[in-house]
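Next come the chains, spelled out residue by residue.
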Amino acid sequence: MKTKTIISFLFMIIGLTGLGFIAPWWAGAVWVVLIAAIMRTNSKQGMFIGAFAFAVVWVAMARYMSFEDGGDIISKTGTLLGGLSRQLMMTVTLLLAFMTGLLSGWLGSALGQTFFPDKSESVPLEK
């Protein structure tokens, strides 16, 4: 892995963790788009580091909130969704987080390549 990829992943993890507790769910997606665009990751890197960052943070937050759930809201939500257990609810959370991060990273890398092109790859025009 390149250093840029690791730094992007760490920025995504830190931002998603902070935003996860104080902002709506979509703020994390905007954060991943911005980091992937600013760091100019390529499409594959942006998709996978965005997906793994989202998955790690959302599953950790779901686990934490599962322990702090005094009103048993998670179990009640699972019952409303057809009797899903806590583990299955966390699996659904993992899949949604992975897809959200994948699409956010892809969009961010596409925007980064569009608005911040790499000048070292440009070919001069012939006269």
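Rules of the game
Residues numbered from 1 in each chain as written. Predicted model: local features only at pLDDT ≥ 70, side-chain atom pairs only at ≥ 80, totals over all residues. Heavy atoms only, no water. Core = buried A, V, L, I, M, F, W, Y, C linked by side-chain atoms within 4.5 Å. Buried < 20%, exposed > 50% of the residue type's maximum accessible area, 1.4 Å probe, protein only. Helix = DSSP H or I, 4+ residues; strand = E, 2+ residues; numbered from the N terminus. Contact = heavy atoms within 4.5 Å. Expected span 1.5 Å × (residues − 1). pLDDT = per-residue confidence, 0-100. Phe/Tyr/Trp six-rings, centres within 6.5 Å; stacked < 30°, edge-to-face > 60°. Axes fitted to C-alpha atoms, helices over the stretch in contact; angles between N-to-C directions. Parallel < 35°, antiparallel > 145°, perpendicular 65-115°, else oblique. Left-handed = near helix turned anticlockwise from the far one by under 90°. Nonpolar A, V, L, I, M, F, W, Y, C, P; charged D, E, K, R; others polar.

Q: Can you explain the nonpolar core? Please cite residues and give values.
A: Counting residues in each nonpolar core, the largest one holds 15 residues, and the members touching the most others are Met-12, Leu-16, Val-32, Ala-53, Phe-54, Val-57 and Trp-58. When residues of this core are assigned to their parent elements, the largest contribution, 6 residues, is made by helix H3 (residues 43-67). The residues contacting Phe-54, other than those within four sequence positions of it, are Leu-16, Gly-28, Ala-29, Val-32, Ala-97, Thr-100, Gly-101 and Ser-104.

Q: Hey, could you go over helix H2 (residues 25-38) for me, with residue numbers and the actual values?
A: Given 3.6 residues to a turn, an α-helix orients residues that are three or four positions apart in the same direction. Counted at 1.5 Å a residue, the expected span for H2 with its 14 residues is 20 Å, and the 21 Å between its end C-alpha atoms agrees. Buried residues of H2: Ala-27, Gly-28, Ala-29, Val-32, Val-33, Ile-35, Ala-36 and Ala-37, and no others. Looking at the residues trailing H2, positive phi occurs at Arg-40, about 50 degrees.

Q: I'd love a proper account of the confidence of the model for the protein, names of residues and values included.
A: As a note on interpretation, predicted positions should not be read in detail where pLDDT is low. Mean pLDDT over the protein stands at 87; residues scoring 70 or higher make up 92%. Predicted confidence in the protein is weakest over helix H4 (residues 73-80), with a mean pLDDT of 80, and strongest over H2, with 93.

Q: Describe the packing of aromatic side chains, and please don't skip the residues or the numbers.
A: Per the counting criterion, the structure on display carries 3 aromatic pairs. Ring geometry for Phe-52 versus Phe-98: centroids 5.5 Å apart, planes at 75 degrees, classification edge-to-face. With a gap of 46 residues between them, Phe-52 in helix H3 and Phe-98 in helix H5 (residues 86-115) connect regions that are remote in the sequence. Relative accessible area serves as the criterion here: at 44%, Phe-52 is assigned to the partly exposed category. Here the aromatic rings of Phe-54 and Trp-58 are separated by 4.9 Å at their centres, their planes lie at 80 degrees, and the arrangement is edge-to-face. Within this pair, Phe-54 and its partner Trp-58 are both found in helix H3, separated by 4 residues, close to a single helical turn.

Q: I'd like to hear about the environment of Ser-85, residue by residue, with values.
A: Within the element layout of this structure, Ser-85 appears in the loop between H4 and H5. Measuring from C-alpha to C-alpha, the distance between Ser-85 and Ala-23 comes to 27 Å, with 62 residues separating the pair along the chain.

Q: Provide a residue-level description of helix H1 (residues 3-22), including the pertinent values.
A: Under the 1.5 Å per step criterion, the end-to-end length of H1 is 29 Å for 20 residues, consistent within 8% with the ideal 28 Å. All of the buried residues in H1 are Thr-5, Ser-8, Met-12, Ile-13, Gly-15 and Leu-16. Its buried side turned inward, H1 meets H2 and H3.

Q: Go over the side chain of Ser-8 with me, naming the residues and quoting the values.
A: Mapped onto the elements, Ser-8 comes out in helix H1. Not counting chain neighbours up to four residues away, the residues in contact with Ser-8 comprise Ile-35, Met-39, Thr-41 and Ile-49.

Q: Residue-level account of the packing of H2 against H3, with values.
A: One way to put it is that H2 packs onto H3 with a least axis distance of 11 Å and a crossing angle of 150 degrees. By the angle class used here, H2 and H3 are roughly antiparallel. Taken as a pair, H2 and H3 cross one another with a handedness that is right-handed. Listed contacts from H3 to Trp-25, Gly-28, Ala-29 and Val-32 of H2 are Gly-50, Phe-54 and Trp-58. Per-class residue counts for the contact of H2 with H3 are 5 nonpolar, 2 polar and no charged.

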